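The residues making up each chain are set out below.
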Amino acid sequence: MTGQRDMSDMAKVSTRASAKGTLIRAAVMTAIAGTMLASMHIARAADPTPVQVIQVAASEATSRFVPLGIGKSVAIDLPTDIKDVLVADPTVANAVVRSSRRVYMIGVKIGQTNIFFFDANGKQIAGFDIAVTRDLNGVRAALRQSMPDADIRIEGVGDGVMLSGSAASAAESQQAFDLASRLVGDSTKVVNGISVRGRDQVMLKVTVAEVRRDIIKQLGIDLSGSFNYGSSVVNLNTQNPFSATGQTLTETAFGGNVKGVNATLRAMDRAGVLRTLAEPNLTAISGETASFVAGGEFPIPNGLSCDTTKSPPVCQAQVDFKKFGVSLVFTPVVLSEGRISLKVMTEVSDLSTENGLTLSVPGSTQTLTIPSISTRRAETTVEIPSGGSLALAGMIQEQTKQQINGTPGLMQLPILGALFKSRDYINHQSELVVIVTPYVVRAVSQKQLSRPDDGFADPSDPSSALLGRLNRIYGSTTKPETQQAGSNYHGKYGFILD
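Treat the numbers as computed from the prediction; the structure is a model and nothing was measured. (Residues numbered from 1 in each chain as written. Predicted model: local features only at pLDDT ≥ 70, side-chain atom pairs only at ≥ 80, totals over all residues. Heavy atoms only, no water.)

Some details on the confidence of the model for the protein chain
Right, on to step 1. The pLDDT averaged across the protein chain works out to 75; a share of 73% of its residues lies at or above 70.
Right, on to step 2. Across the protein chain, the element-wise mean pLDDT spans from 49 in helix H1 (residues 2–46) up to 91 in strand E5 (residues 102–107).
Right, on to step 3. Here residues 1–21 scores under 50 on pLDDT; set against residues more than four positions off or in separate chains, the count is zero contacts.
Right, on to step 4. Low confidence marks residues 476–486, where pLDDT is under 50. Its contacts with residues over four positions away, or in another chain, come to five contacts. (pLDDT = per-residue confidence, 0-100. Helix = DSSP H or I, 4+ residues; strand = E, 2+ residues; numbered from the N terminus. Contact = heavy atoms within 4.5 Å.)

Overview of the sheet that holds strand E7 (residues 124–133)
Right, on to step 1. The four strands are arranged E1-E7-E6-E3 in an open sheet whose pairing can be described as mixed. Single-partner strands in this sheet number two, and they are strand E1 (64–69) and strand E3 (84–87). Mean inter-strand twist for the sheet, computed between neighbouring axes without regard to direction, equals 25°.
Right, on to step 2. Pairing between E3 and strand E6 (residues 111–118): four bridges, direction antiparallel. The residue of E6 that forms the bridge with Val-87 is Ile-115. (Pairing = 2+ DSSP bridges. Axes fitted to C-alpha atoms, helices over the stretch in contact; angles between N-to-C directions.)

Description of the side chain of His-428
Right, on to step 1. Secondary-structure assignment places His-428 in strand E22 (residues 421–441).
Right, on to step 2. Among the polar contacts listed, one links the side chain of His-428 to the side chain of Asp-214, at a separation of 2.7 Å.
Right, on to step 3. Apart from residues lying up to four places away in sequence, His-428 is in contact with Arg-213, Asp-214, Glu-354, Gln-397, Glu-398 and Gln-399. (Polar contact = N/O pair within 3.5 Å; in protein donor to acceptor, adjacent residues only side chain to side chain.)

Considerations on helix H3 (residues 170–184)
Right, on to step 1. The end-to-end C-alpha distance of H3, which contains 15 residues, comes to 21 Å, matching closely the 21 Å that a straight helix rising 1.5 Å per residue would cover.
Right, on to step 2. Listing the buried residues of H3 in full gives Ala-170, Glu-172, Ser-173, Ala-176, Phe-177, Ala-180, Ser-181 and Val-184.
Right, on to step 3. At the exit of H3 stands Gly-185, carrying a positive phi of roughly 90°. (Expected span 1.5 Å × (residues − 1). Buried < 20%, exposed > 50% of the residue type's maximum accessible area, 1.4 Å probe, protein only.)

Quick notes on the pattern of salt bridges
Right, on to step 1. This structure, assessed with the given rule, holds nine salt bridges.
Right, on to step 2. With a shortest N-O distance of 3.7 Å, Glu-155 and Arg-140 are connected by a salt bridge. Of the two residues, Glu-155 is situated in strand E8 (residues 151–157) and Arg-140 in helix H2 (residues 137–146); the sequence distance between them amounts to 15 residues.
Right, on to step 3. The salt bridge partner of Asp-151 is Arg-153, with a shortest N-O separation of 3.5 Å.
Right, on to step 4. The structure contains a network of salt bridges with shared partners spanning Glu-210, Arg-212, Asp-350 and Arg-376. (Salt bridge = Lys/Arg side-chain N within 4 Å of Asp/Glu carboxyl O.)

Considerations on the packing of H2 against H3
Right, on to step 1. Close contact between H2 and H3 brings their axes to 11 Å; oriented N to C, the two are set at 155°. Comparing their axes, H3 and H2 come out roughly antiparallel. Note on packing geometry: the crossing formed by H2 with H3 is right-handed. Judged by residue contacts, Val-139, Ala-142, Leu-143 and Ser-146 of H2 engage Gln-175, Ala-176, Leu-179 and Leu-183 from H3. (Parallel < 35°, antiparallel > 145°, perpendicular 65-115°, else oblique. Left-handed = near helix turned anticlockwise from the far one by under 90°.)

Digging into the environment of Gln-175
Right, on to step 1. Positionally, Gln-175 belongs in helix H3.
Right, on to step 2. With relative accessibility at 35%, the residue Gln-175 sits in the partly exposed group.
Right, on to step 3. What Gln-175 contacts, discounting residues up to four positions off in sequence, is Ser-146 and Met-147.

Some words on the sheet that holds strand E2 (residues 73–77)
Right, on to step 1. Across the sheet, three strands lie side by side as E2-E5-E4; this open sheet has antiparallel pairing. At either end of the open sheet lies a strand with only one pairing partner, and these are E2 and strand E4 (93–97). Between one strand axis and the next, the sheet turns through 20° on average, direction left out of account.
Right, on to step 2. Bridge count for E2 against E5 is five bridges, and the pairing is antiparallel. Opposite Asp-77, over in E5, you have Arg-102 as the bridge partner.

Below, the structure is given as structure tokens:
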């Protein structure tokens, strides 16, 4: 019994000692944790700079675009109460707050600005990007009334306007452009972006025909020599200048000698006819311009450049080229089905020796003659149907020049006066006719077109050498189905080139 009581007492002592050790360890851990917390508070107190975050309260990224006309307004209802309003440029647009959630924005002048609304906490309620342009409601109504089938839109861009959408013809597009130009007051401030649905193409067939007739007549007698009249001697030495043409057209003359006086008769009669014919065909889209030139270019000296470092100096002439011939420029506009507004300009020019310029070549005895250009030009704007013809006729020109040179007093003698004078006569007559025929055309397939060399065949060697033929006669040798009964034609048919 005594032994058991001792064991029990020892167990109680051990238990008390273990509990005491646990308490000591807990106290130590608590002290360490407190020391660490105190260190953290000391570190925070040592760094006084707080962490700051920058936020964008309002910007254009969150704004809504609102177009306004001058003197026009728009009412906006906001979801929360308005505390603050920011207007970037009050001279362009203004904002009037009538209640805590309703605001009126008014356009003042042409320009752009933005308006922001904030609540009591400083947060953005809404933002608007305002573009103040011209009031376009009137022209919109005019476009809808005049062209109800066209899809044309008009928007303001700065102090100008821009047209967009589509129109059935170029005439509708031009009409919308004219309305917008009248509104703005300046056509340069109107941008026409209207696309034409199914733009028509116009082929212009032009015939240019001209006939010129020139008549020149020269008659004169040159006298040279001397004869005695008593103790006096009379010397004769006359040469006809033919000043109307500036030169003698022929060197053929008839002469004789009578008592020491040589008489040379110079006579010339020239007549010429010049015919010009051109038939250009051009195709252009409605509203676009097409041009055609059939002719050539001739050189004109434009200076002389010399290399003086060489002996003798080497010179090289600088040359420009001027065009001449038959030219055509036209601009068609299809107004409606079958009617065409046509602006056409045609010109016929050719080289002429009249009013030419003669220059001497440096370092040489040779001369250089630069011809002049004779030009006939016609320009007009008309409205004609497709397939109708316009004739620009009545362009007739006639020029007559006559000059008489002779010895004063003697040239007025009734019969003998012809020996002491010369006559130079020039007559130019020309008539130009231009016939213009427009057609509204469509594209065709290649098999419906023909070329000038279709069916061309070279002749055989015996045919070319013995008969002098340049091509063969080609075509069907059978009788055509369209030939009428009783016809006596039995030869080959087709195309024959002489």
